[in-house]
Structures are given as structure tokens and as C-alpha cells.
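# Examination of the molecular architecture
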Amino acid sequence: MSNNKADVNNLGRNIVLYNLDENNINDFYQQNSWIDRKSFTRICHLYEFPEKTITVVIQNYYIDAAYRDVYYHYWAKFHFNWPRHCKRLAIFQNSHSSDEFWDNKKESERELQKDFLGTVVIRPSYTHNETGHTYGRTLLNPYKMVTKEPNTNEKIHPFRYMITAQYRMHLLGKTFTTHAFVFCSQDGVAMKCAETAIYCLGDFEAAFSPLYARVLPSDIQEKLSHRISERILPSHGLYCNDISYILKEFGYSPMIYAGAEDYQRTLEDSFESSIDAEKNEVISHWDNIHETNFKNWFHYYVESAIPILAVTAVRPDAKKHATLVIGHGLKQKKITECKQFKLGDYPCIDTSQLYNTYIINDDNQIPYVEEAMDHFTIDKNYKLEAYIVPLEKHVFLEAAAAVTICDTFIENQKDRLKKAIEVFKNLCYSKLSEVSDKEKMEDLKYLIESISVSSENPLTVRYYLANSAEYKQFRIKNGIDIDEQIFYADVLMPKSVWVAEISTFRCYQEGYVIGEVVLDATASSRSKVDSVILLRISGNGVYRLPQETYTDLEKKLAEKEENIMLPSMFIMYSNFQYCKEKE
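Description of the structure in this document. As the structure is a computational prediction, the values presented were derived from the model and not from experiment. Each chain has its residues counted from 1, following the order in which its sequence is written. Selection of residues for local features in this predicted model requires a pLDDT of at least 70, selection of side-chain atom pairs for listing and counting requires 80 or more, and totals for whole chains, interfaces and linings are taken over all residues. Hydrogens and water molecules were not included; the side-chain quantities draw on all heavy atoms of the structure.

### Here we look at the packing of helix α15 (residues 468-477) against helix α16 (residues 482-490)
A pair of packed helices is characterised by two quantities: the angle between their axes and the separation of those axes. To get an axis, fit a line to the C-alpha atoms, keeping to the stretch in contact for a helix; angles then go from 0 to 180 degrees between the N-to-C directions. In DSSP terms, a helix is any run of H or I states spanning at least four residues, a strand is any run of E spanning at least two, and both are numbered starting from the N terminus. Taken N-terminus to C-terminus, the directions of α15 and α16 make an angle of 165 degrees; their axes are 8 Å apart at the nearest point. When the interaxial angle is binned, α15 and α16 end up roughly antiparallel. The element α15 and its partner α16 pack so that their crossing is left-handed. Facing Y471, K472, R475 and I476 of α15, the residues of α16 in contact are Q485, Y488 and A489. Classification used: nonpolar for Ala, Val, Leu, Ile, Met, Phe, Trp, Tyr, Cys and Pro, charged for Asp, Glu, Lys and Arg, polar for all others including Gly. In terms of residue class, the contact of α15 with α16 is made up of 4 nonpolar, 1 polar and 2 charged. Angular relationships are summarised with four words: roughly parallel below 35 degrees, roughly antiparallel beyond 145, roughly perpendicular across 65 to 115, and oblique for the angles in between. Crossings are sorted by hand: turned counterclockwise from the far helix by less than a right angle, the near helix makes the crossing left-handed, and turned clockwise it makes it right-handed. Two residues form a contact once any of their heavy atoms are found within 4.5 Å.

### Digging into the packing of helix α13 (residues 414-434) against helix α14 (residues 438-451)
As a packed pair, α13 and α14 sit with axes 10 Å apart at the nearest point and diverge in direction by 165 degrees. With respect to α14, the element α13 is oriented roughly antiparallel. Two packed elements cross with a definite hand, and for α13 against α14 that hand is left-handed. Taking contact as the criterion, the partners of I421, F424, K425, C428, Y429, K431 and L432 in α13 are, on α14, M441, L444, K445, L447, I448 and I451.

### Here we look at helix α9 (residues 240-249)
Here's how the labels work: a residue is buried when its accessible area is under 20% of the maximum for its type, exposed when over 50%, partly exposed in between, all with a 1.4 Å probe on protein chains only. Among the 10 residues that make up α9, 7 are buried, leaving the element largely enclosed by the rest of the structure. Within the sequence span of α9, burial applies to C240, D242, I243, S244, Y245, I246 and L247. Where α9 terminates, the next one or two residues include G251, which has phi positive at roughly 100 degrees.

### Here we look at the nonpolar core
Considering soluble globular proteins, one finds that nonpolar side chains tend to be buried as a cluster. Take the buried residues of types Ala, Val, Leu, Ile, Met, Phe, Trp, Tyr and Cys, join any two whose side-chain atoms come within 4.5 Å, and each joined set is a nonpolar core. F28, F40, F298, Y368 and W498 are the most contacted members of the largest nonpolar core, which has 159 residues in total. Looking at which element gives the most residues to this core, the answer is helix α12 (residues 399-412), with 9 residues. Residues I349, Y355, F487 and F570 belong to the second largest nonpolar core, which totals 26 residues.

### Considerations on the pattern of salt bridges
One side-chain nitrogen of Lys or Arg within 4 Å of one carboxyl oxygen of Asp or Glu is enough to make a salt bridge. Applying the stated criterion across every chain, the model contains 23 salt bridges. For the salt bridge of K425 with E422, the shortest nitrogen-to-oxygen distance reads 4.0 Å. With K425 and E422 both in helix α13 and 3 residues apart, this pair spans about one turn of that helix. On the accessibility criterion, K425 (16% relative accessible area) is buried. Across the pair R462 and E501 runs a salt bridge, and its minimum N-O distance is 2.8 Å. Taken together, the residues span a long stretch of sequence, with R462 in strand β20 (residues 459-467) and E501 in strand β21 (residues 496-504) at a distance of 39 residues. Just as R462 is buried, E501 falls in that class too. Salt bridges sharing common partners tie together E303, R462, R475, E501 and E516.

Written as C-alpha cells, this is what we have:
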């Protein structure tokens, strides 16, 4: 790079610094022809290049654990010499000098950390001129990526609803941190798409949760050797059952949802009509039935911040491709495009209907690509055939059953819900008559409109699985008064819970909830409504202790002294890190 030559070797013999702008980017690629130009440029553009400059620090001899693991189990057996080292690119927004990297002052490190975007590992390529499929363990911060709205040209952060973990990297005596989901392209020989997806999932879970150890490629191959009767290397790819088997061996409790015609779960977990509390049986459902299927369950798990291994194919008997689905997009459908059903007298929608785009890591593309439902790969002829959900071992209640139980319980509480909404509206009307301030009057009018249910503003129900400790912490931290904080502090929950949040469409858009049901995720589908832990409708809240029955919960609902008064509206919970940081 002609105008950056002074910076090329000043970080040492094997570490090179480049400050990239639109004038020298071509020189950069000429000097570093081993970088895939097309994909790396796309990544830079997501970080507002060339509007903002990019600093790249290249480590020419980097030991990547996953690549070195594959090297010793596969590449080292080759007759001809094969490289043992990778290259690693540390990427920063804006221009930074070599002096900043050598400066040990805290303020210099803080400035670098503020602009740190992540790292990209580049593996040796198959031939001297190939650059595709060379991305190794790549950790890029999605929350700093920006795209522009086509019509307004407004800048947006497209990856708000995406799963990430925090990673630490060491460079020149400094430690940098970033949020990311691991990306890696398949090498096509030792690891194909399924193994690559399992490796990335294992790496992420090890960073995210203390329950799991980091997975290396040889760990996957060792597990496979006990199941497959032929050689493991070179890889032939994996079937759904093979993927699920490996995940089970690594400590997950996976579930396979096999095809859009998978009616079995619906049949197993659907119940017939109202609740008999004495017999503890679910026998009711919503009017104009709220039917859920393969794609709805998929969204509930995405909303739960669980990475999903999606298996796509052109047709069932054709070659398949595995990708990781790690979040959903921002864009919502119009209300008129969503199927409405009845909850008592009220129209209602399932929020899973609002979204049709999902964030994927496809080893044939760059990290964090937003794709429409079904098209989870670069070939748009591929359709979603099955998906595998790596649940934690203690989660026994899966999505289809959890939603059916929530639906049934909410249906049973429809009169209470209707009354609570009317009471809340009347309270707002009475305050409106007392207020003279114009701005406050407008706020109250907007609030009344927001909680008034109609076909244009139907009730919404959002379903998700949550870690109860994080969920309770959020509710206590965001409690408006001490009664609300004590209410959530006192309720006992298992490690994981299913939550159904009830709102109106307008309140949902603003991030507010008017009711919620919490279920025990360690229960089985046969527990039915006995899995209900907590009910909160507007200002009324009750919960069950472990020794109490569903009948006890019904009695608490009927007894005013047990029916704790809480704020009428509360903040929506999110499993996604971006939303948590905005709390």
C-alpha cells in the first residue's frame, strides 16, 4: 500500500498494520491476495466502510486451536508439506497508529477497545490462488454493523435480535472484548457443513454457559467413530440423526422437528376443550383455533435465543445443507397479513406470525446474513426440511406442548383479562379528566388507544423459553415499586421457564406487556396446567409455591387478599444481548 508503507512493518516482523480507506483498499488486496476480496469487502461495508476507515492488524503466524486440531488429525498425514499456521486479522473502526498499540496508558486501550470490531482467522487455502472457504474461527461484533433502509437511507442496526456471547482476545499485550457468534466456513474435506455447524455451536455455548466445554473437530470425529461404521475422514457429511446423536453426546438434550408435515407433536400435545381443576386436566382451546406448526415452533426457539441447526434441501431425497439460525430480523409483517383468532371477545395474534426473516450463519457466506424463512442458504431453491434444537438437559417441556398449555390457561382467564383491560382504561379516562397539561393529556390518550383492543390493534401473545434467574433479575431490576420487586423475588422457579407475554399490538411495538403466564419448563406435557407457576394480568398477580397445586392457584385468584396488586403495565423481557444492553 503505497501511502501506508510506513505502517507496514512497525508492529514487528510478523505483525502488520494497515489503515484502509477507499483510495488504498485495492493495494491492500494486492499485497494480501490470500484474503477473499468479495466477502471481506462486504464485511467492511457492514462497518460503514468507506465512510469510516478501517484499521486491520494482521498476525501472519497465528495458532488457531480448531485448525491445528484438524491439521494434526488430517493435514499432517499428507505427503506434501501443508502449512501449520493461520493468519488472524484484528479489525478496528477508524484509523489507529502503531503508537496507540504500543502505548500502555489506559486511555489508549479504551479508545482501541471502543473501536474494536472483532477478529477473522484465515486458514491456508487448498491451492495457491484459492481464497474461498478459508475463514476459520471468526468473531465479529454484529451490534456495530449498520445497514441502510432502501427507501429512507436511514442507518439501522439490523442484528438486534441475535444471540451472542462475550469473547476476549489478546493482541500486543492488550486484551480486547467483543460480543459475537462464532462463524467458520467449511473446509469441505475434514469438516463439511454439519460438522462446522456443530463446532460453531459448541464454541458459542462454551463461551455462553459454564455447562458446556469447548468442542474441537477431533471431538466430533471421535463421537462419530462410535456411531458410523465407515471411515470418518475425509468427511462425507452427516444426517439429522447423526447431528442429534453428537449433540446428545456433548451434553445437550436435542429435539428433531422433521418437516413441515410433522403433525405428530401437534397430535401428542393438543387437547380438547376447558380446564377441570380438580382432575388437573387440560380440555380447552381458543376459539377460531390458534393452530401452531413446524414454523411457529421454530420461531419460539429463536425468540428463546437458542441456536437452531436448520437442515435444508431442494427435495427430501436430495443433498442437504446445514446452517445455524441465530436470531430473527427487524422487519414485521402488517397486521392484515397475520391470521387472527379469538380470545374471548378479543381478536388476537401470535407474534411468531409477524416475522419472516432470520439471521443465519451459513458456511458458504459471510457471518450474519438475513434470509427469508425456508431459504437458509445461498441457493434459494433449498427449503427447510428439518431443524434440530439443542435444549439443555433439564428442559422437558418442548415448544408445542408449552404453547398449548399456555393457550389453554389464558383461555380460562379470558374474563379476568377483559375485566383488567377495562379497569385500566377506566383508570386512564379518570386521570384524563383530572389533567390540564396538554402533553400529559396526549400521553394518556395515546395510552388509552394503545390498550383498546380491535382488529387493527389485536391482543398479541409472545412465547419464549427463558433462564429463570435472568428473567427474575430483569423483572426485579425493572420493577416500578417495591411490591412488584418483592412479588418476583418471592416466587420460586426452576432453572428454565416458558413464558407467554400478553399485550396489544401497539403496546408490543412499544415494548410493554399487560399480562404473562410462566410455566415450569422441567415439567412434561402430561403435567398440563399443573406446570403453571405464575399468572399476572395487568395489576393482578398470583403464583404457586412448589408444594401447592393448580387448585391452590385458582383459590388465590378468587381471594382478593392473595391477589397482589401490581403496576398495570410492565416492560417486555428479551433474551437477546443487544436489548439487554439497552435496558
